[in-house]
Amino acid sequence: MAGHNSGQRRKRLRVFLVVSLFSLLWPVFFLSSEEIIENAGYAGPKITLRYALWGGAGEVEYSREICRRFVQQYPSLRLSVAVYPWGQYWAKLQTQTAAGLAPDIISFYTFNLGVWVTRGALRALDDLVASSRFDLGNFHQAAVKVCTWNGQLYCLPVEIPMRVLVFSLDRFQERGLPEHLWPQPDRPLNWEEFKQLCRWLTIREKDGTFKQYGFGVGPHWNELMSGIYGGRMVDRLVNPTRSAVSGNEALKRGLIEIFSCQYGERTTLGSIPLAAGAWGGTHLLLSPKFAMTIAGPWDLPALKKAGVRFGLSPLPRATHCPQMIDVNGVALSATCRHPQEAWTFLQFLASPEIQPIFGRRLKGIPALKSASQALLDNDFGISGCQAFLVDLKEASPNLTSSNSYLPQAIEKWLSETEQILDARYQEAWQGLPLKERSQPLRQRQFAVQMSNFVQTTISQRLALLDREITRAFQRARVKKPGLMVGVVIPLMLSLGAVLAFLFYLRKVREHARQSPAGHHCRQLTGYGFLSPWLAGFVLFTAGPILAAFVLSFTDWNMVKPPGWVGASNYLQMFTEKTFYLGLWRTFHYALLAIPISLTGGLFTAALLTFQIRGTDFFKAVFYFPSLFTGAEAAVLWVNMFNREYGIVNRILGFLKIPPVSWLDQAHAFTTVVLMNFFWVGSSMIVYYAAMKQIPRQLYEAAEMDGANFFQKFFHITMPLLSPVILFMVVVTTIGAFQVFTPALFFAPDSTTIGSPGNALRFYAVNIYDLAFNNLQMGQACSYAVFLFLVIFVITLLQLKLSRRYVYTEEKS
């Protein structure tokens, strides 16, 4: 009978383990984002081509229609289509490529072409072009150049996303400008004409503040327009090899011109004040504050639908056309199993039958020359689109490099320079007496002073730009490690890790020997019930930690197989300024955030222990913000602290206090620290529950001895709460050292994470930046291992100190 019961228990345990494992892994088997598109009327054998693309709902619909047309024309081919939002697309693609599961056909944005080609992720198309006698001369040659790397074609251009000048007809009419002075779709403005228009269209209120700006900058405006006099930051735009900043007077003049408009005359609103005003969520022409900006074809249908009357014109220029283009195209992965069949689909996308769709739908400029008319005869009835074609004739390729550090170095310099100029502008403007701000003469003098400051700042900081670009090229060179770096140091670190693990096992065994009889069997039973969690821990936590430790000794870009570099990543880590900056920002944040969370939660919990009416209501109010995820709270915080319409500045204005730019470089860190007040409810509920467990008799006895509130709190509540406080200190410390989400949502996009400037350059930001912006996964793993060690040591010290300060029953 006993044997039968034992067998039943084992059977139940097996069933329990199978069900638990299935509950962990079922998403792997049943969740798929791919859609099969095939010709259902064809019964013969079919070849499946996997196709990945990005897009929203509208793009997905006509992409499906294109795929349906393809399988009708080629019934022996089947498409397995996976569509991802732009923000997830590249991470998904990198992960699939690293796992050897890359799609056959990839929708590709050529900005990263050099990175993917040099890492062996894409297949050259030249042999397919030659064998099919495909004529690349039918395409806009600027687009073909962008898709070419070292003389080989790696991507077939489909459509060209570029922006031109867009202006509000209503704003021009309101200012009474004669129509012959308006921008024209077939002729670009020269730079002086553009500046004069911006001056005419800029309107001030009586108190000197701006009612309307002549122009609001759009994406990459500063990078584009820095070339209006022919100056560029590198020796060539495709596969650059060195900096071209030193002695480049054309570049210096272009930068001074564009920044003087933004922070001198202020007829153009720059990206820093734009971000503070949070106009980036919608197109600028939807706001009455702007008369001109830039727009791509994909922006125009939304403007028309919103009732905006607008015109288009090529980008303004001085001596050179500043227009630079990338291309949205299609490429074949290096692991494509059916290149001939996949090439058939690429040709179909670039065919005269399909190319006009991109123009008619205003997704971009069709790469095929003969399809250009479809852009002019678009489905939305929008005129003036020839402005895109005028710019395209003289456009240059955008910066395309295999060095992922290079674009970041340029973006960082531009962002930091603009932060300096904006901070100086705000400081100088606030320093003006209120009466002088409304005087036109004083406004002109102020503009001259600021323009001089712009000129001085740009002249001084160009040497820094030259150093940063040169350093970016140096960082990209991978040196072969020597014996000490490649073998000895990794061996010593690995041996140290093994010894630490063996020491831990020894301590566990010593503790087990001291356990009473029968404890071993109970342990096995406990581990049996913990096995689902243990399986998840090993697969999704311990496994990745061990993998990160191994990968930290490699050069791995998630595309090519990892290459052993020994301890080079760790040695390089200690030479990086961002490493020390990230450590300092994180420690600084932890020193402020931990006390806020602990004392705030303890204080509110103590208040709620008083017998007052509505306690449950206040508990709900304090705890409710904790239900928000980090992402939701960050978005809410950005809007609350917005300079133009945020509730915080509205309250300050009611109190007659000048508005504060909470999201700029000087205040962003403080704003993120203040977010911790938003989350005190999570620690409050833990403290409150613990306080309710303290026996009431202890307080009554203390009251009989004449103890006041503070004596009871510090001699009864605090000692009995000390185990809970220890738990909250450890958990809050770990969370503080992993802070990341606010930095991601405070930045304009993930490529500039840590901005404004380096105000939010937390340590975890360095890990993300290296892994996903620079594809330096090995280097990122070395940063992650170091962070693990820092958190582990701090937690160990906290537990050691707890023996002295934490009250336990053994001490009583």
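What you are looking at is a predicted structure, and each value in this text was computed from that prediction instead of being measured.

How would you sum up the overall build of the protein? Please name residues and give values.
A count of helical and extended segments in the protein gives 33 helices and 20 strands. Relative to the compact-globule value of 28 Å for 812 residues, the protein shows a C-alpha radius of gyration of 31 Å, a close match. Projecting the C-alpha coordinates of the protein onto the three principal axes gives extents of approximately 95 × 80 × 55 Å. The burial tally for the protein puts 49% of its 812 residues in the buried class. Contacts in the protein between residues at least 24 apart in sequence constitute 75% of all its contacts with a sequence separation of at least 6. Surface summary for the protein: the accessible area is close to 40400 Å², and the carbon and sulfur share equals 62%. The distance from the centre of the 76 positive side-chain charges to the centre of the 54 negative ones in the protein is 7 Å.

Can you explain the side chain of Arg442? Please cite residues and give values.
With respect to the secondary-structure elements, Arg442 resides in helix H19 (residues 440–476). Beyond its immediate stretch of four places on either side in the chain, Arg442 contacts Leu432, Glu436 and Gln449.

Help me get a handle on the sheet that holds strand E8 (residues 164–168), residues and values and all.
The three strands lie next to each other as E13-E8-E14, forming an open sheet whose pairing is antiparallel. Each of the sheet's edge strands pairs with one partner strand only, and the pair in question is strand E13 (292–295) and strand E14 (310–313). Sheet twist, expressed as the average angle between the axes of neighbouring strands with direction ignored, equals 35°. Judged from the four bridges that link them, E8 and E14 form a sheet pairing that is antiparallel. Directly across from Phe167, in E14, lies its bridge partner Gly311.

Could you give me a rundown of the pattern of salt bridges, with the residues and numbers involved?
Opposite charge on two side chains permits pairing when their charged atoms draw close. Counting across every chain of the model gives 24 salt bridges. Among the charged side chains, a network of salt bridges with common partners joins Glu35, Glu61 and Arg64.

Please set out the pairing of E13 residue by residue, giving values where relevant.
Alternating residues of E13 divide into Met292 and Ile294 and Thr293 and Ala295, and every residue in both groups is buried. One ladder, built from four bridges, connects E8 with E13; its direction is antiparallel. Looking at the pairing, Val164 lines up with Ala295 of E13.

Any details on the environment of Ala497? Residues and values, ideally.
Relative to the assigned elements, Ala497 resides in helix H20 (residues 483–513). Taking the C-alpha atoms as reference points, Ala497 and Phe549, separated by 52 residues in sequence, lie 10.0 Å from one another.

Help me get a handle on the sheet that holds strand E7 (residues 156–160), residues and values and all.
Within the open sheet, the seven strands sit side by side as E1-E3-E2-E4-E16-E7-E17. Their pairing is mixed. A strand with exactly one partner marks an edge of an open sheet, and here the two such strands are strand E1 (34–37) and strand E17 (365–366). Bridging between strand E2 (residues 47–54) and strand E3 (residues 77–84) involves eight bridges; their strand directions are parallel. For Ile47, the partnering residue across the bridge sits in E3 and is Leu77.

Before we move on, can you summarise unusual backbone geometry with the specific residues and values?
With the exception of glycine, most residues fall at negative phi, and the peptide bonds are largely trans. Residue Pro756 follows Ser755 across a cis peptide bond; omega there is 10°. For Pro756, the location among the structural elements is in the loop between helix H31 (741–746) and helix H32 (763–773). Backbone geometry places Asn150, a non-glycine residue, at a positive phi of 50°. Here Asn150 shows up in the loop between strand E5 (148–149) and strand E6 (152–153). Residue Asn150 is classed as exposed on the basis of its relative accessible area of 61%. A positive phi angle, close to 65°, is found at Arg266, a residue other than glycine. Position of Arg266 relative to the elements: it lies in the loop between helix H10 (249–263) and strand E12 (268–269).

Outline the packing of aromatic side chains, supporting the account with residue identities and numerical values.
Between two aromatic rings, the relevant description is the distance of the centres plus the angle of the planes. As enumerated under the stated definition, the model contains 48 aromatic pairs in all. When the centroid spacing of 6.4 Å and the interplanar angle of 80° are considered together, the rings of Tyr62 and Phe358 count as edge-to-face. In this pair, Tyr62 is assigned in helix H2 (residues 57–73) and Phe358 in helix H14 (residues 355–360), connecting sequence segments 296 residues apart. Given a relative accessible area of 13%, Tyr62 falls into the buried group.

So what's going on with the packing of helix H23 (residues 577–608) against helix H27 (residues 668–678)? Which residues, and what values?
Two elements in contact, H23 and H27, have axes separated by 9 Å at closest approach and are oriented at 30°. Relative to H27, the element H23 is oriented roughly parallel. Our pair here, H23 against H27, has a crossing hand that is right-handed. Facing Arg585, His588, Tyr589, Leu592, Ala593 and Ile596 of H23, the residues of H27 in contact are Phe669, Val672, Val673, Asn676 and Phe677. Per-class residue counts for the contact of H23 with H27 are eight nonpolar, two polar and one charged.

Kindly report on helix H28 (residues 680–692), identifying the contributing residues and their values.
The terminal C-alpha atoms of H28 lie 18 Å apart, and with 13 residues this matches the ideal 18 Å at 1.5 Å per residue to within 8%. The complete set of buried residues in H28 reads Val680, Gly681, Ser683, Met684, Tyr687, Tyr688, Ala690 and Met691. Looking at the packing, one finds that the buried side of H28 touches H23, helix H24 (615–623), H27 and helix H30 (709–737).

Run through the packing of H23 against H28, naming residues and quoting values.
The angle between the axes and the distance between the axes are what describe a pair of packed helices. Two elements in contact, H23 and H28, have axes whose closest approach is 7 Å; the angle formed by their N-to-C orientations is 50°. With respect to their mutual orientation, H23 and H28 come out oblique. For the pair H23 and H28, the sense of crossing is right-handed. Across from Ile596, Ser597, Leu598, Gly600, Gly601, Leu602, Thr604, Ala605, Ala606 and Leu608 in H23, the residues of H28 making contact are Val680, Ser683, Met684, Tyr687, Tyr688 and Met691.

Procedures and definitions
- Residues numbered from 1 in each chain as written.
- Predicted model: local features only at pLDDT ≥ 70, side-chain atom pairs only at ≥ 80, totals over all residues.
- Heavy atoms only, no water.
- Helix = DSSP H or I, 4+ residues; strand = E, 2+ residues; numbered from the N terminus.
- Rg over C-alpha atoms; globule rule 2.2 N^0.38 Å.
- Buried < 20%, exposed > 50% of the residue type's maximum accessible area, 1.4 Å probe, protein only.
- Contact = heavy atoms within 4.5 Å.
- Areas by Shrake-Rupley, 256 points an atom, 1.4 Å probe, with all protein chains shown as cover.
- Lys, Arg positive; Asp, Glu negative; His and termini not counted.
- Charge placed at Lys NZ, Arg CZ, Asp CG, Glu CD.
- Pairing = 2+ DSSP bridges.
- Axes fitted to C-alpha atoms, helices over the stretch in contact; angles between N-to-C directions.
- Salt bridge = Lys/Arg side-chain N within 4 Å of Asp/Glu carboxyl O.
- Phe/Tyr/Trp six-rings, centres within 6.5 Å; stacked < 30°, edge-to-face > 60°.
- Parallel < 35°, antiparallel > 145°, perpendicular 65-115°, else oblique.
- Left-handed = near helix turned anticlockwise from the far one by under 90°.
- Nonpolar A, V, L, I, M, F, W, Y, C, P; charged D, E, K, R; others polar.
- Expected span 1.5 Å × (residues − 1).

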